[in-house]
Structure formats: C-alpha cells, structure tokens
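# Summary of structural features
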Amino acid sequence: MHQKLRTALIWAFTIIITLGSVYYQRKTGPTYPLTVRSDFSGRIVTNRLIRSADCGSDAMIALHVPDTSIDAVLRYKRFKSNDEWFEQKMVRRNDSLVAFLAAQPPAGKVMYKIFLTENGERNPLITEPVILRYKGAVPGWILIIHIIVIFSAMLLSTRTGMEAFFRRPRVVPYTWWTIILLLVGGMILGPVVQKYAFGAFWTGWPIGHDLTDNKTAIAFIFWLIAFIQQLRKRNSRIWVIIAAIVLIIAFIIPHSTWGSELDYTQQ
C-alpha cells in the first residue's frame, strides 16, 4: 500500500508540474491576448487585445467600451516595414468599438496602437504597440494530435525524471516512450504544423532562430543522450534527470518566441 501511495503521489506531482508549465507557457506567449488597463478621465477601461489572427480574413480589433461618450482611433502599420503609420476611427457596435486590420500572408505581422478620445482629449490605451502575427489554417485533427502527443511527452518526461531520481525500476521503458512521443509530437508533427501555419517546416538553427524549433531539438537531443547512456550503463539516471529538467525548461519558454516573421523591407 505504501508503494502504491508513493506512485500515486509521484504521478500527482508530475501532473502538477506539467499543467503548471503548460499554463505558464500559454499565458506568457507572444501570441496570447494582451490584457490592458487604462485610466481615462477617471474611468477604468480594461480590454484584451489580440496578437494572433488567421490569414484570409481581416483581423477585428474590438474594445468593450459601454460609455458612448468615448471614441477610439486605431493607428497601425506593418511590422518590419518602411510603411507610414495609418489611422482609422473605430466604429461603435453596441457596447464595443471596432476596427479591422487588413489580412497579411502567413508570418506577416502588423503593429498597432489604440487611442481613446473624448471632447478633443486623446490618450493612448497602451504605451507600446501591440504586434499581431497572421497564421495559416492548420487542419484541426493535426493540431489536436500534435498538442496531445507533445504534452504527453512532457508529462512522461517529467515522470521518467522522477523515476530516475527516486531510483525506481521503470526508467528504461519510460525513456523509450518519452523519446517516441517527443519524436512524433515535436520533431514530426511540430514541423507539419509550422508548415501549415507559416509556410516552412523548420525555422530554427541553422536556418533561423525560432526558439520553439530550437528548444524542441535541444530537448530531443538530451533525451537521445540519456538513452545512449542507458545502453552504456554510464550515469544513466543522472542523464535522465538532466534531460527531464531540460524539457521542463524548454516548455517554460513561451511558445512562438522569436518565431517566423516576414521582413517587408526586403520585398
């Protein structure tokens, strides 16, 4: 009974670490909606501004502003371009103010600012521009399988690390499954999703500097080293623990950091 309880506690701790990493990565990613809060003439305006949009349709920028005495202006231009700043007045739709940004190709980015106006007074909703990236449509079934497999790899990687740390017997089979899941979810399906979304299978080293590609490749290499050390029977448990820690660090790095982007100045 003691052994079963210990196993259950290890799995519980593993799940907590995995879910915590997933939550942190999602909340801190550069494409996650940005929550902004502004004090405008003594009234607090809070909204979430989008930082990701699908290609093929204009991106809708919407503010929830029930106070009809407040208007807004959207100022924008393409990111990494020689464009001038454009402005358009946001249109009221019931309790919201709405404007649209023209669709861009995959990996194209637009930076925008919003200014609140009332009786000639104009104040910025945010101090720094929001950067919005456009992405191509990824088939739902591919995306779902990719997410399930890659997070299963994270879960099993952490579990394998704990198996090694507590010197339990299932390190080798857990290592096998971790490598298989990481290979399928990160090294095969990851590039497929990248191709659909941004037009390239790989944008990490040596082609580019996409941290999502690079961190996945580094984590996979560490797990291969851990497996090879198991075959050689040389400090294999230490290498498993190191590989598990490397993958946790990789997951903590926000998704899409230094990701694909078009340089309009080169067009």
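Residues numbered from 1 in each chain as written. Predicted model: local features only at pLDDT ≥ 70, side-chain atom pairs only at ≥ 80, totals over all residues. Heavy atoms only, no water.

Once that is clear, we can look at unusual backbone geometry. Excluding glycine, residues mostly have negative phi values, and the peptide bonds linking residues are mostly trans. Its identity as a non-glycine residue notwithstanding, N94 has a phi of 55°, on the positive side. By secondary structure assignment, the location of N94 is in the loop between β7 (91-93) and β8 (96-101). Looking at N94, the relative accessible area reads 70%, which means it is exposed. Positive phi, close to 75°, is recorded for A107, a residue that is not glycine. (Helix = DSSP H or I, 4+ residues; strand = E, 2+ residues; numbered from the N terminus. Buried < 20%, exposed > 50% of the residue type's maximum accessible area, 1.4 Å probe, protein only.)

Moving on to the pattern of salt bridges. Throughout the structure, instances matching the rule amount to eight salt bridges. For K109, the salt bridge identified is with E261, shortest N-O distance 2.8 Å. Here the residue K109 occupies a position in strand β9 (residues 109-118), and E261 occupies one in the segment after α5 (236-252), the gap between them amounting to 152 residues. When its relative accessible area of 13% is taken as the criterion, K109 is described as buried. Where E163 meets R168, a salt bridge forms, and the shortest distance between an N and an O atom there is 3.3 Å. Exposure class is identical for E163 and R168. Each is buried. (Salt bridge = Lys/Arg side-chain N within 4 Å of Asp/Glu carboxyl O.)

Glancing now at the side chain of S157. Position of S157 among the secondary structure elements: in helix α2 (residues 140-165). With sequence-adjacent residues up to four places away left out, S157 is seen in contact with T178, W223, A243, A244 and L247. (Contact = heavy atoms within 4.5 Å.)

On to the sheet that holds β8. With antiparallel pairing, the three strands of this open sheet are ordered in space as β4-β8-β7. A single partner strand is all that each edge strand has here, and the edge strands are β4 (59-64) and β7. Direction aside, neighbouring strands of the sheet carry axes that sit 35° apart on average. Pairing of β7 with β8 involves three bridges; the strand directions are antiparallel. Each bridged residue has a counterpart across the sheet, and for V91 the counterpart in β8 is V98. (Pairing = 2+ DSSP bridges. Axes fitted to C-alpha atoms, helices over the stretch in contact; angles between N-to-C directions.)

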